[in-house]
Amino acid sequence: MTYSSEQILDLVKEALAELFRLDPARVTLEAHLADDLGIDSIDAVDLLYRVERLTGLKIGAEDFRGVRTVGDLVEAIARLPQAER
Amino acid sequence: MDAYYWRLFATGLAFTIFGAGGLVLGAIVLPAQRLLPGDALRRRARARRTVQLGMRTFVDLMRMLGLLTYELHGFERLGRDGQLIIANHPSLIDVVFLLAFVPGASCVVKSALWKNPVTRSGALGAAYVSNAPTEAMVMGAVEALRSGQSVIIFPEGTRTTPGRPMQLRRGAAAIALQGARALTPVFIRCTPATLSKNEPWYRIPRRRVRVSLHVGPDIDLAPFRASGPAPFASRALNEHLLGVFCAELGFDVFE
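My aim in this report is to walk through the structure given alongside it, one point at a time.

Helix and strand content of chain B: eight helices and seven strands. Sorting the 255 residues of chain B into buried and exposed places 49% on the buried side. Pairs at least 24 apart in sequence give 76% of the contacts found in chain B among residues at least 6 apart. For chain B, the exposed surface amounts to about 12,000 Å²; the carbon and sulfur share of it is 60%. Positive and negative side-chain charges of chain B, numbering 30 and 17 respectively, have mean locations separated by a distance of 7 Å.

Next comes the structure, spelled out in structure tokens:
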């Protein structure tokens, strides 16, 4: 299957709730990962691994370059090749 | 004074030889090796062996010049598949010792090494892991561990600042939890302090340096992995590691 942006946002919300016990209501597309949600770059890697686990997609550090907000992250994940699913 | 003027001269000589040797390896030997046939794994192994041999030679040279004495304990337990090796970092020469005596290992090193043409060939050839950006460092080290390599990292991120409490960045703990099959500490003591942060090479200690490297028992990762979500577990592990290093080293990291 391929993921729509809405599905990816839901996955990200799920991962953030699991990993950081973050209220999904705070996870909006505009939310800044570091400033608004308190996620540093090491936390971000845990988040990427969790999303990998949930989706089966392979995410590389280079895909994460320039990601600042939840919206950036959703876009970066949406851009990944989804063929292997 | 323990042959002060000789050691001052020999320190300058050692730095010169290190620079010249680095230049020969980095500008000639390693680039030439990259042209030899073999797949990526063989090339990497070759480059790592060359770096190891260079470091080993340099350690022997420093010892023969009377600059230092050293002792190693438990090194037969280093270099296992998927082993993350974490060490404290009192001095510039720590990395020289670890690269010299842990065959085949990868190492997390400064990203600046990729920018300098001489060190670049070594960093690229040996496929070491750059410490920046942080995401790439963590993921690169995790991947190396998962592929069965052993990886050396200095979790302080930089040399210990003498007289200041030890601090560990969380990267090593996160890497361990995501990728390591074993996590093994190495306790490095360097007395008197030398080549620590912000110290010029010519400010040599009054006595010949004694370097000791003790491999500690493996740290069990299972309880941390079971303790909760990764971000919480890595914070807990990091606290634990700080306790392990402080308990072992106490205040004699710098005498």
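Attention shifts here to the overall build of chain A. A tally of helices and strands in chain A yields three helices and zero strands. For chain A, the sequential pattern of α-helices and β-strands runs α-α-α. Compactness check: chain A gives a C-alpha radius of gyration of 12 Å against a globular reference of 12 Å for 85 residues, within 12% of the reference. Dimensions of chain A along its principal axes, counting C-alpha atoms only, are 35 × 25 × 20 Å.

Looking along the chain, the bond that leaves Ala 132 of chain B and enters Pro 133 of chain B is cis, with omega of -10°. Assignment of secondary structure puts Pro 133 of chain B in the loop between strand 4 (129-130) and helix 5 (134-146). Positioned with a positive phi, Arg 21 of chain A is a non-glycine residue whose angle comes to about 55°. By secondary structure assignment, the location of Arg 21 of chain A is in the loop between helix 1 (5-20) and helix 2 (41-55). Owing to a relative accessible area of 57%, Arg 21 of chain A belongs among the exposed residues under this scheme. Even without a glycine there, the phi angle at Ala 127 of chain B is positive, about 50°. One can find Ala 127 of chain B in the loop between helix 4 (117-125) and strand 4.

To continue, consider the packing of aromatic side chains. Residues and elements named next belong to chain B. On inspection of all chains with the given rule, the structure shows ten aromatic pairs over all chains. Pairing Tyr 4 with Tyr 5 gives two aromatic rings, centres 5.1 Å apart and planes at 85°, and the pair type is edge-to-face. Both rings, one in Trp 201 and one in Tyr 202, keep their centres 5.7 Å apart while their planes meet at 85°; by these two values the pair is edge-to-face. According to the relative accessible area criterion, Tyr 202 is partly exposed, its value standing at 48%.

By size, the foremost hydrophobic cluster in this structure holds 65 residues, and its most contacted members are Leu 16 and Val 70 of chain A together with Leu 84, Ile 175, Leu 183 and Leu 237 of chain B. By size, the runner-up hydrophobic cluster in this structure holds 41 residues, among which are Val 51, Phe 75, Ile 93 and Val 96 of chain B.

This next bit is on the interface of chain A and chain B. Listed by partner, the interface residues are 16 residues for chain A and 17 residues for chain B. Together, the buried faces of chain A and chain B total about 1,600 Å²; carbon and sulfur atoms form 63% of this surface. Summed over the three residues of chain A that lose the most area to chain B, namely Ile 42, Asp 46 and Tyr 49 of chain A, the buried surface amounts to 37% of that side. The tally of links from chain A across to chain B stands at four salt bridges. Summed over the shared surface of chain A and chain B, the number is four residue pairs in polar contact (both at pLDDT 80 or more). Looking at the side of chain A that touches chain B, the elements that each hand over two or more residues are helix 1 and helix 2 of chain A. At seven residues, helix 2 of chain A tops the list of elements feeding residues into the side of chain A that touches chain B.

Now for the sheet that holds strand 2 (residues 83-87) of chain B. All names here are of chain B. Pairing is mixed in the open sheet, where seven strands are placed in the order 1-7-6-2-5-3-4. The open sheet is flanked by strand 1 (68-73) and strand 4, the only strands paired with a single partner. Both strand 3 (residues 106-109) and strand 4 contribute to a ladder of two bridges, which runs parallel. By the bridge assignment for strand 4, Val 109 is matched with Ser 130. Packing of helix 2 (residues 40-64) onto the sheet brings it into contact with strand 1 and strand 3, and relative to strand 1 it is tilted by some 130°. Against the sheet, helix 3 (residues 94-101) makes contact with strand 1, strand 2, strand 3, strand 5 (151-153), strand 6 (182-191) and strand 7 (209-215), and its axis sits at roughly 50° relative to strand 1, the strand it touches most.

Criteria and cut-off values
Residues numbered from 1 in each chain as written. Chains lettered and ligands numbered in written order. Predicted model: local features only at pLDDT ≥ 70, side-chain atom pairs only at ≥ 80, totals over all residues. Heavy atoms only, no water. Helix = DSSP H or I, 4+ residues; strand = E, 2+ residues; numbered from the N terminus. Buried < 20%, exposed > 50% of the residue type's maximum accessible area, 1.4 Å probe, protein only. Contact = heavy atoms within 4.5 Å. Areas by Shrake-Rupley, 256 points an atom, 1.4 Å probe, with all protein chains shown as cover. Lys, Arg positive; Asp, Glu negative; His and termini not counted. Charge placed at Lys NZ, Arg CZ, Asp CG, Glu CD. Rg over C-alpha atoms; globule rule 2.2 N^0.38 Å. Phe/Tyr/Trp six-rings, centres within 6.5 Å; stacked < 30°, edge-to-face > 60°. Core = buried A, V, L, I, M, F, W, Y, C linked by side-chain atoms within 4.5 Å. Buried area = accessible area lost by both parts, 1.4 Å probe. Salt bridge = Lys/Arg side-chain N within 4 Å of Asp/Glu carboxyl O. Polar contact = N/O pair within 3.5 Å; in protein donor to acceptor, adjacent residues only side chain to side chain. Pairing = 2+ DSSP bridges. Axes fitted to C-alpha atoms, helices over the stretch in contact; angles between N-to-C directions.

Any link to function would need more than the numbers given here.
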